[in-house]
Amino acid sequence: MNKTQLIDAVAQAIGDRPAAVHAVNTVLESIQDAVARGEKVSITGFGAFEAVDRSARTAKNPVTGAEIHVPAKRAPKFRPGSGFKDLVHQGGRAAVSA
């Protein structure tokens, strides 16, 4: 599913495409902004978004075998919640609740 398909699914549920576009964009932007500020975003039953610090390291180019330096960086991370993991494991369909 891509962003357009997600918007279509929300629009079908609420019956208003412009409102669905606004809702999906607002949720995604809010999560991105919070994580970029260093906050953790936890959605019960779904998972948690957070920023993590990655140390500098040495890696190898898989084609040439040459060692390259990978600088330290801050990266986004998602950890699925237990409800999400269980749903994926069972191959089921999520029940939508507020």
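You'll find the structure just up there.
Residues numbered from 1 in each chain as written. Predicted model: local features only at pLDDT ≥ 70, side-chain atom pairs only at ≥ 80, totals over all residues. Heavy atoms only, no water.

(A) Seen up close, helix α1 (residues 3–14). Between its first and last C-alpha atoms α1 spans 16 Å; for 12 residues at 1.5 Å apiece the expected length is 16 Å, and the two agree. Capping the start of α1 is the job of one residue whose side-chain oxygen sits 3.1 Å from the backbone nitrogen of Thr4: Asn2. Just beyond α1, the residue with positive phi is Gly15, at close to 80°. (Helix = DSSP H or I, 4+ residues; strand = E, 2+ residues; numbered from the N terminus. Expected span 1.5 Å × (residues − 1). Polar contact = N/O pair within 3.5 Å; in protein donor to acceptor, adjacent residues only side chain to side chain.)

(B) Structural context of the sheet that holds strand β5 (residues 73–80). Across the sheet, which stays open at both edges, the three strands sit in the order β1-β2-β5 with antiparallel pairing between neighbours. The strands lining the two open edges of the sheet, one partner per strand, are β1 (41–43) and β5. Going from strand to strand, the sheet's axes swing by 25° on average, the running direction of each strand aside. Sheet topology places strand β2 (residues 47–54) next to β5; eight bridges connect them, and they run antiparallel. In the sheet register, Glu50 faces β5, and the bridge partner there is Lys77. (Pairing = 2+ DSSP bridges. Axes fitted to C-alpha atoms, helices over the stretch in contact; angles between N-to-C directions.)

(C) Broad picture of the environment of Val70. Following the sequence through the fold, Val70 ends up in strand β4 (residues 67–70). Looking at Val70, the relative accessible area reads 21%, which means it is partly exposed. Considering only alpha carbons, one finds Val70 and Glu29, 41 residues apart in sequence, at a separation of 28 Å. Ignoring anything within four residues of it in the chain, the contact list for Val70 reads Ala56, Arg57 and Ala59. (Buried < 20%, exposed > 50% of the residue type's maximum accessible area, 1.4 Å probe, protein only. Contact = heavy atoms within 4.5 Å.)

(D) Broad picture of the packing of α1 against helix α2 (residues 17–36). The interhelical angle for the contact between α1 and α2, taken along N-to-C directions, is 125°, at an axis separation of 8 Å. What the angle tells us is that α1 and α2 run oblique. Between α1 and α2 lies a crossing whose hand is right-handed. Contacts between α1 and α2 involve Lys3, Thr4, Leu6, Ile7, Asp8, Val10, Ala11 and Ile14 from the former and Arg17, Ala19, Ala20, Val21, Val24, Asn25 and Leu28 from the latter. Partitioned by chemical class, the residues of the contact of α1 with α2 number 10 nonpolar, two polar and three charged. (Parallel < 35°, antiparallel > 145°, perpendicular 65-115°, else oblique. Left-handed = near helix turned anticlockwise from the far one by under 90°. Nonpolar A, V, L, I, M, F, W, Y, C, P; charged D, E, K, R; others polar.)

(E) The nonpolar core, seen in detail. One finds Ile31, Ala34, Val35, Val41 and Ala51 forming the largest nonpolar core, which totals five residues. The element contributing the most residues to this core is α2, with three residues. With residues near it in sequence (within four places) discarded, Ile31 still touches Val41, Ile43 and Phe49. (Core = buried A, V, L, I, M, F, W, Y, C linked by side-chain atoms within 4.5 Å.)

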